[in-house]
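These are the residues of each chain, in order.
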Amino acid sequence: MRVEALVKRRKYSLIFFSILLVFTLASIIVTDFDVTKGFTCIPKAIVWSTKNFYPNADSLEKIPKILTKLKETVFLSVASTTVAAAFATFFALFGSHTTRINGFLSILIRGIASLFRNIPVVAWAMILLFSFGQSSLTGYFALFFVTLGFLTRAFMETIDETSKESVEALKAAGASYFQIIFQAVIPSSLPQMISWMLFMIETNIRSATLVGILTGTGIGFIFNLYYKSFQYNAASLVVVFIVITVFAIEFISNYVRRVIL
Amino acid sequence: MELNESLKSLWAEFQRQEQSAVSKKLKIRKANKASIVMNITLVSLALLTIYGFFTFDYKGVNILEAVIATITNLKPMFLEPRFNHFGLGKGLYQVVVTLGLTFLTTLIGGTIALFLGLLAAQNLSSKNVSNLIKGFVAFVRAVPTVLWVLIFAVAAGLGSVAAVIGMTFHTVGYLIKAYSESFEELDEGVIEALKASGANWWQIVFQAVIPSSVTYLLSWTFMRFEINYMNAVAMGAAAGAGGIGYELFMASGYYFDLREVGLITYFILAIAIMLEYISIKLKIKVL
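These numbers come from a predicted model, not from an experiment. (Residues numbered from 1 in each chain as written. Chains lettered and ligands numbered in written order. Predicted model: local features only at pLDDT ≥ 70, side-chain atom pairs only at ≥ 80, totals over all residues.)

A. Spatial organisation of the overall build of chain A. When its secondary structure is counted, chain A shows 10 helices and 0 strands. Ordered by position in the sequence, the α and β elements of chain A form the string α-α-α-α-α-α-α-α-α-α. Against the 2.2 N^0.38 benchmark of 18 Å for 261 residues, chain A shows a C-alpha radius of gyration of 24 Å, more extended than a compact globule. The C-alpha extent of chain A, read off along each of the three principal axes, is 70 × 65 × 40 Å. Counted over contacts in chain A with a minimum sequence separation of 6, partners at least 24 positions apart contribute 74%. (Helix = DSSP H or I, 4+ residues; strand = E, 2+ residues; numbered from the N terminus. Rg over C-alpha atoms; globule rule 2.2 N^0.38 Å. Contact = placed C-beta atoms within 7 Å.)

Shown next as structure tokens:
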């Protein structure tokens, strides 16, 4: 019996690794992936970055310019997350199993949320570029839609997890729908919801950098500008500021989470 | 320090006010630190948002007009989608290219993360090594994926190599965290029993640690596959990695072809929803 199980395990892992190998080879062929270059480029990149990719005295003059763009990106991600969270709260209340008022509406909201979430932020940016052009609004709405989709699902799960029992108890006691929402559902899910919002702000800073490269706004634009004009010292300074910003936001989020959760 | 002082006085002020409010109106809900922090967080987010709207670079875009234009654009985009610059065969091929980039990234990232994850797990490694790796991971994750790809593009040239290696960085960062947490859940007794019977580190890892956490590892890896798919689409558009993302970028940024953008979005969406469906099924099975 033991031996048979062992043989079976061997067989399964053999099949698993063969499939993995086939997929790997197929992927290497379709993507034109140069395996040797893949391995050699890492040491090459390290050598290159120690020689060229560090902030120097000249690049320090660009700090005010970088900070203006950084501010724009941070505000973009905060504003899109906050507004999306307000809408997502509404949608989640009508979509979650615990607080929905109508089965059809709930399915509709779940469908829309899934649609918004699964269209990548790049696709949103490319769709909105037609009418909003290269303004901050393209990035704003691209982040807004994806965040709305994500937070609606996260909030629905939070509501279902945290307030199922209290809603049942309040219903039995004869509380009205609005009393249930404002006295039980919102207060008990708020800490978790804020935690999700902070997570999304952090994610959106990174997404905003990407969208910025495509739409010519914010910190992504300034990085791309320095990068394309071979001003690598200035570009590295942009990276330093992004890392500092993300760490600062992570630090604040962790503090808030520790206190409220 | 000064900030700390002022925060403290603010906090004391809050408590005083809250107490007086309690005594005056006999409020039942007592304010504690958690609810004050929550309120401060929400109010500051709201203020930052309002301030943000005043500082955005609108470049003279009329919001109302642009919203109307978007809505009118949606009709040809999603109701009359069609290919203009390439056919169905090439479209499907480009989706496969994107999935290939995703697969390679996840595979290379997963393999590296497996080893570093073992070193980052506190029950299998020393505290210093674990903290060192976790610090490195925090740094890797703070830099956006697209910047990693562009940095590697200088050494490797724009293309699939830079995209895969750059995206691998973030994948490794994400998976080390997930893997090491799964390893840390392993019962301490198992490791001790194996150690006592004379098993070495590699034997402990391959006979106990990996077999017992393999289902978690696979489901985390698949979740990362899903994220990497979105990243691969993005890198095609922003960092010349090819695949369906590149076609999207060309259709929108160069040809201004609404209908093609619509069709490409449908392609991307179909795969994304399929991946999400598989991931949910896996989660139910595993967790």
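B. Quick look at the overall build of chain B. A count of helical and extended segments in chain B gives 11 helices and 0 strands. Counting from the amino terminus, helix and strand elements in chain B follow one another as α-α-α-α-α-α-α-α-α-α-α. Classification of the 287 residues of chain B by burial places 38% in the buried group. Restricting the contact set of chain B to residue pairs at least 6 apart, pairs at least 24 apart contribute 71%. (Buried ≥ 20, exposed ≤ 12 C-beta atoms within 10 Å, placed from the backbone.)

C. Layout of the confidence of the model for chain B. Residues and elements named next belong to chain B. Summarising the model, chain B shows a mean pLDDT of 84, and 89% of its residues fall at 70 or more. Per-residue pLDDT, averaged within each element of chain B, yields its smallest value for helix α1 (residues 2–25) (51) and its largest for helix α4 (residues 88–120) (93). In the model, residues 22–28 has pLDDT below 50 throughout and makes 3 contacts with residues more than four positions away in sequence or in other chains. (pLDDT = per-residue confidence, 0-100.)

D. Looking closely at α4 of chain B. Helix length check: α4 of chain B (33 residues) gives 46 Å between terminal C-alpha atoms against 48 Å at 1.5 Å per residue, within 8%. The sharpest bend along α4 of chain B reaches about 30° and sits at L114 of chain B. (Expected span 1.5 Å × (residues − 1). Bend = angle between axes of the 7 residues up to and from the residue.)

E. View of the domain arrangement of chain A. Along its sequence, chain A is carved into domain 1 (2–52) and domain 2 (57–260). Relative to domain 2 of chain A, the C-alpha centre of domain 1 of chain A lies at a distance of 34 Å. (Domains from an automatic or database assignment.)

F. Structural view of the interface of chain B and chain A. Each partner contributes residues to the interface: chain B has 63 residues there, and chain A has 62 residues. Counting residues per element, the side of chain B that touches chain A draws most heavily on helix α2 (residues 33–55) of chain B, which supplies 12 residues. Within the side of chain B that touches chain A, the residues separate by chemical class into 48 nonpolar, 11 polar and 4 charged. (Nonpolar A, V, L, I, M, F, W, Y, C, P; charged D, E, K, R; others polar.)

G. Region of interest: the nonpolar core. With 149 residues, the main nonpolar core has V122 and V238 of chain A together with V149 and F152 of chain B as its most contacted residues. Once you skip the residues sitting within four places of it in the chain, V238 of chain A turns out to touch I66, I219, I222, F223 and Y226 of chain A. (Core = buried A, V, L, I, M, F, W, Y, C linked by C-beta atoms within 7 Å.)

H. Broad picture of the packing of helix α4 (residues 63–95) of chain A against helix α9 (residues 218–228) of chain A. All names here are of chain A. Across the interface, α4 lies against α9 with an axial gap of 6 Å and an inter-helix angle of 145°. Facing K65, I66, K69, L70, E72, T73 and L76 of α4, the residues of α9 in contact are G218, I219, F221 and I222. When its residues are assigned to classes, the contact of α4 with α9 shows 6 nonpolar, 2 polar and 3 charged. (Axes fitted to C-alpha atoms, helices over the stretch in contact; angles between N-to-C directions.)

I. Main features of the confidence of the model for chain A. Mean pLDDT over chain A: 90, with 99% of residues reaching 70 or higher. Between the elements of chain A, mean pLDDT differs from a low of 84, seen in helix α3 (residues 57–60) of chain A, to a high of 93, seen in α4 of chain A.

J. The arrangement of helix α7 (residues 136–172) of chain A in detail. Residues and elements named next belong to chain A. The largest bend in α7 amounts to roughly 65° and is located at S163. Counting buried positions along α7 yields 26 of 37 residues, so the element is predominantly enclosed. Following α7 by one or two positions, G174 has its phi on the positive side, about 90°.

K. A look at unusual backbone geometry. Residue and element names in this part refer to chain A. Even without being glycine, D32 reaches a positive phi, approximately 60°. Inspection of the secondary structure assignment puts D32 in the loop between α1 (2–31) and α2 (35–52). What makes D32 exposed here is the crowd of 12 C-beta atoms within 10 Å. Positive phi is not limited to glycine here, since F230 has a value of about 60°.

L. The arrangement of the environment of L143 of chain A in detail. All names here are of chain A. If you trace the backbone, L143 turns up in helix α7. Look at L143 and you get buried, because 27 C-beta atoms sit within 10 Å. Along the sequence, L143 and M200 sit 57 residues apart, while their C-alpha atoms lie 9.9 Å from each other. The contact partners of L143, leaving out residues within four places of it in the chain, are L76, S77, S80, V121, N204, S207, A208 and V211.

M. The environment of F247 of chain A, seen in detail. Considering the arrangement of structural elements, one finds F247 of chain A in helix α10 (residues 232–260). On the basis of neighbour count, F247 of chain A is assigned to the partly exposed category, with 13 C-beta atoms found within 10 Å.

N. Spatial organisation of the packing of α4 of chain A against α2 of chain B. The interhelical angle for the contact between α4 of chain A and α2 of chain B, taken along N-to-C directions, is 120°, at an axis separation of 8 Å. The pairing of α4 of chain A with α2 of chain B is recorded here as oblique in orientation. Of the two elements, α4 of chain A crosses α2 of chain B, and the hand of that crossing is left-handed. When α4 of chain A is examined against α2 of chain B, the residues E72, F75, L76, V78, A79, T82 and V83 of chain A are found in contact with a partner set consisting of L45, A46, L48, T49, G52, F53 and T55 of chain B. Within the contact of α4 of chain A with α2 of chain B, the residues separate by chemical class into 9 nonpolar, 4 polar and 1 charged. (Parallel < 35°, antiparallel > 145°, perpendicular 65-115°, else oblique. Left-handed = near helix turned anticlockwise from the far one by under 90°.)

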